[in-house]
Amino acid sequence: RQIYPWVTTSIENQPSIESCADMFPMTFEIKEFFRNTVFPGGHNIDHLWANPLHQNNLRNLPPIIIATAGFDPIRDQGNEYAKCLKKAGNEVKDYCFNDLPHSFLILGRVSKTAQNANNLIGNSTLDALQKYRDIDINQSSHRDNWTNDEVFSLLEEAIQVASNNNAGFIIVIDEMGKVLEHSLS
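All of these numbers come straight from a predicted model, not from anything done at the bench.

Enquirer: Can you lay out the packing of aromatic side chains for me, pointing to particular residues and giving the numbers?
Expert: Counted according to the given criterion, the structure contains six aromatic pairs. When the centroid spacing of 5.2 Å and the interplanar angle of 85 degrees are considered together, the rings of Tyr4 and Phe104 count as edge-to-face. Of the two residues, Tyr4 is situated in the loop between strand S1 (2-3) and helix H1 (15-19) and Phe104 in the loop between strand S3 (92-101) and helix H4 (112-130); the sequence distance between them amounts to 100 residues. Here the aromatic rings of Phe97 and Phe104 are separated by 5.3 Å at their centres, their planes lie at 65 degrees, and the arrangement is edge-to-face. Here the two residues Phe97 and Phe104 agree in accessibility, since each one is buried. Here the aromatic cluster, defined as three or more aromatic residues joined through ring pairs, consists of Tyr4, Tyr95, Phe97 and Phe104.

Have a look at this one:
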């Protein structure tokens, strides 16, 4: 699952980088801070693992949920990635929460719109996990009060499921850019 994914280091052909350059919390300066921190001195900035949007072959990837935010400088690349994955024949659920900023997962307790986004992502992730979990979907825990910690917990479970089922490469990064977990099968 990718929530506000950063899938290319390029800044070309992405109007949201300019139109959302001053949007809290992911201003252009903050985005550049992360870019320079992850790729010091530009090291590996053009590497394909840093630019999945530009991979030649995006076929046969595991199912994915992509969520982008309307007020996010990296919105366009996330939306484009969802389109490319669909065009390549992958199972993709994509959501663009037009009224929310980057990092909206942490705003669920202060914004009904963010809470609704958390609920949709939590329930969609739960649905995706059902085929791997020993839980009857009719008795699943769909609900309308997911916290950001619970959504992150489900994302961590998705990583474990992907790892156990040879489902591909997944990486989850927290709000501060810390890698929570990754797997490569």
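Enquirer: Let's hear about the state of the cysteines: which residues, and what values?
Expert: All told, the structure shown has zero disulfides when counted by the stated rule. In this structure Cys20 is a free cysteine whose sulfur lies 9.6 Å from that of Cys96, the closest cysteine sulfur available.

Enquirer: Give me unusual backbone geometry: which residues, what numbers.
Expert: The linkage connecting Phe24 with the following residue, Pro25, adopts the cis geometry, with an omega of 0 degrees. As for its placement among the helices and strands, Pro25 is situated in the loop between H1 and helix H2 (28-38). For Tyr4, which is not glycine, the phi torsion reads 40 degrees and is therefore positive. Backbone geometry places Asn44, a non-glycine residue, at a positive phi of 65 degrees. Mapped onto the elements of the fold, Asn44 is located in the loop between H2 and strand S2 (64-71). Given a relative accessible area of 30%, Asn44 falls into the partly exposed group.

Conventions used here
- Residues numbered from 1 in each chain as written.
- Predicted model: local features only at pLDDT ≥ 70, side-chain atom pairs only at ≥ 80, totals over all residues.
- Heavy atoms only, no water.
- Phe/Tyr/Trp six-rings, centres within 6.5 Å; stacked < 30°, edge-to-face > 60°.
- Helix = DSSP H or I, 4+ residues; strand = E, 2+ residues; numbered from the N terminus.
- Buried < 20%, exposed > 50% of the residue type's maximum accessible area, 1.4 Å probe, protein only.
- Disulfide = S-S within 2.5 Å.

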